[in-house]
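# A look at the structure
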Amino acid sequence: MAQPILLSRCPTATASSRRLLPSFTRQSGLSFQCRNLHHNHQQQPIRQPRRTTPPTTQSRLPRTSYPLNPRLYHSQHHPDPPAHEYSNSQTTILEAALTHVPTHGFTSESLTLGARDAGFLDVSVQLFPRVEFDLVLFWLASRRGLLRGKVENGFFESQQGLSVEEKTKALIMERLRMNASIKHQWQDALAVMSLASNIPLALSELHALSSDILTLAGDASVDASWYTKRLSVSAIYASAEVVMTNDSSPDLSATEAFVDRRIEDSKTIGDKIGGVKQCLGFMGSTAVGLGRSWGLKI
């Protein structure tokens with residue numbers, strides 16, 4: 001009596017079925033097919049169906065994050081940028097060191113002498129990692145504070161009826177006159193500020209000064225001229241400082257004449273730019289009107 005034959009799937013056949021299959025399938029021709037199936041299953045990896053998703057617009061766009069509260073174009077209610085903060089000990093040393101600047105310049109020697117005058121050890125100079133540049137920054141920030149104090153104490157009370165432009169010029173000259181006692185040392189300070197690592201803070205202080213001058217002069221611009229005016233004042237003041245270092249005239253009269261010329265040039269350039277904008281606007285409106293008269297939908 002024939003033994004029953006157990007058949008299973010070729011790849012996972014048991015040892016007993018593999019012994020019985022050849023004797024049974026030799027006549028039916030199934031052995032060759034089963035071996036081929038077993039070989040193909042071991043050699044070829046199973047190909048998973050490729051997932052196809054319809055293209056969407058969101059998957060191709062880069063992800064960008066926008067602030068919840070975007071900053072307005074300009075507002076006088078925005079907080080002031082952070083000032084150069086110094087501790088009480090640093091401020092005391094720097095204030096004492098400024099008295100030695102006319103003699104020793106913006107140097108570490110002035111800082112050392114200032115520390116001695118304030119009752120600190122010479123090693124206290126290590127509190128200032130930028131050394132000379134810290135002394136320059138403190139001079140700039142302190143003179144800017146003195147300028148604001150003068151205006152708050154009635155600097156323009158005796159000069160009623162001045163325009164914003166005239167007040168701006170008066171404040172520029174008043175700030176330059178504060179450098180009169182150290183103008184022979186100012187070229188060294190300009191060299192310190194021109195170092196690559198010091199340029200960002202030096203430009204930030206220059207922008208703060210120009211912004212203070214225009215604000216104290218009563219400028220209330222809220223359009224693009226808010227930026228152009230501050231850029232113009234910064235350029236005028238920076239160039240006037242260089243002229244001041246070589247000015248030997250009484251009360252910096254030569255520097256004042258230079259500032260007058262630069263302000264006049266800036267005003268002339270502004271008028272020309274305004275005229276060009278007006279001309280371009282007129283030409284644009286004329287072209288639009290002409291196109292509409294021809295039937296163009298514009």
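Within any chain, residue numbers begin from 1 and follow the written order of that chain's sequence. Only residues with pLDDT of at least 70 get local features here, since the model is predicted, and only at 80 or more are side-chain atom pairs given and counted; chain-wide, interface and lining totals rely on the full set of residues. Excluding hydrogens and water, the side-chain values take into account all heavy atoms of the structure.

As named in an unreviewed UniProt entry, the protein chain is Ubiquinone biosynthesis protein, taken from Aspergillus wentii DTO 134E9. UniProt positions are given in the numbering used here, feature names are shortened, and annotations may be inferred rather than shown by experiment. According to its UniProt record, the protein chain has this under Subcellular location (unreviewed entry): "Mitochondrion". The UniProt entry for the protein chain carries the following text under Pathway (unreviewed entry): "Cofactor biosynthesis; ubiquinone biosynthesis."

### What about the packing of aromatic side chains?
Classification of ring pairs uses Phe, Tyr and Trp, with its six-membered ring standing for Trp, and accepts pairs whose centres are within 6.5 Å; under 30 degrees between planes counts as stacked, over 60 as edge-to-face, and the remaining range as tilted. Applying the stated criterion across every chain, the model contains 4 aromatic pairs. With centroids separated by 4.9 Å and ring planes inclined at 75 degrees, the aromatic side chains of W226 and Y227 adopt a geometry described as edge-to-face. Residue classification places W226 among the buried residues on the basis of a relative accessible area of 15%. Working definition: with a 1.4 Å probe on protein chains only, accessible area under 20% of the residue-type maximum means buried, over 50% means exposed, and in between means partly exposed. Its relative accessible area of 43% is what places Y227 among the partly exposed residues. Cluster of aromatic residues (ring-pair linked, three or more members): F106, W139 and W186. By definition, being over a ring means that NZ of Lys or CZ of Arg is both within 6 Å of the ring centre and within 35 degrees of the ring normal. Here R143 stacks its cationic end above the ring of W139, 4.3 Å away from the centre of that ring.

### As for the packing of helix 4 (residues 88–98) against helix 6 (residues 108–117)
In a pair of packed helices, the angle between the axes and the distance between the axes together describe the arrangement. Every angle, taken between N-to-C directions, lies between 0 and 180 degrees, and every axis is a line fitted to C-alpha atoms, over only the stretch in contact when it is a helix. Under the scheme used here, helices are H or I runs from DSSP no shorter than 4 residues and strands are E runs no shorter than 2 residues, and both carry numbers assigned from the N terminus. Between helix 4 and helix 6, the least distance of the axes is 7 Å, while the angle of their chain directions is 115 degrees. With respect to helix 6, the element helix 4 is oriented roughly perpendicular. Where helix 4 crosses over helix 6, the two elements pack in a sense that is right-handed. Judged by residue contacts, I93, L94, A96 and A97 of helix 4 engage S110, L111, G114, A115 and D117 from helix 6. Ten residue types, Ala, Val, Leu, Ile, Met, Phe, Trp, Tyr, Cys and Pro, are classed as nonpolar, four, Asp, Glu, Lys and Arg, as charged, and the remainder, Gly among them, as polar. Its residues placed into classes, the contact of helix 4 with helix 6 shows 6 nonpolar, 2 polar and 1 charged. If an angle is under 35 degrees, it is roughly parallel; if it is over 145, roughly antiparallel; if it lies from 65 to 115, roughly perpendicular; otherwise it is oblique. By definition, any crossing whose near helix is turned counterclockwise from its far helix by less than a right angle is left-handed, and any crossing with a clockwise turn is right-handed. What makes two residues a contact is simply this: any of their non-hydrogen atoms within 4.5 Å.

### Description of the confidence of the model for the protein chain
Each residue gets a pLDDT score, which is the predictor's confidence in that residue and runs from 0 to 100. Per-residue pLDDT for the protein chain averages 75, and the proportion of residues at 70 or more is 61%. Taken together, the stretch residues 5–44 has pLDDT below 50 and engages in 15 contacts with residues farther than four places along the chain or on a different chain.

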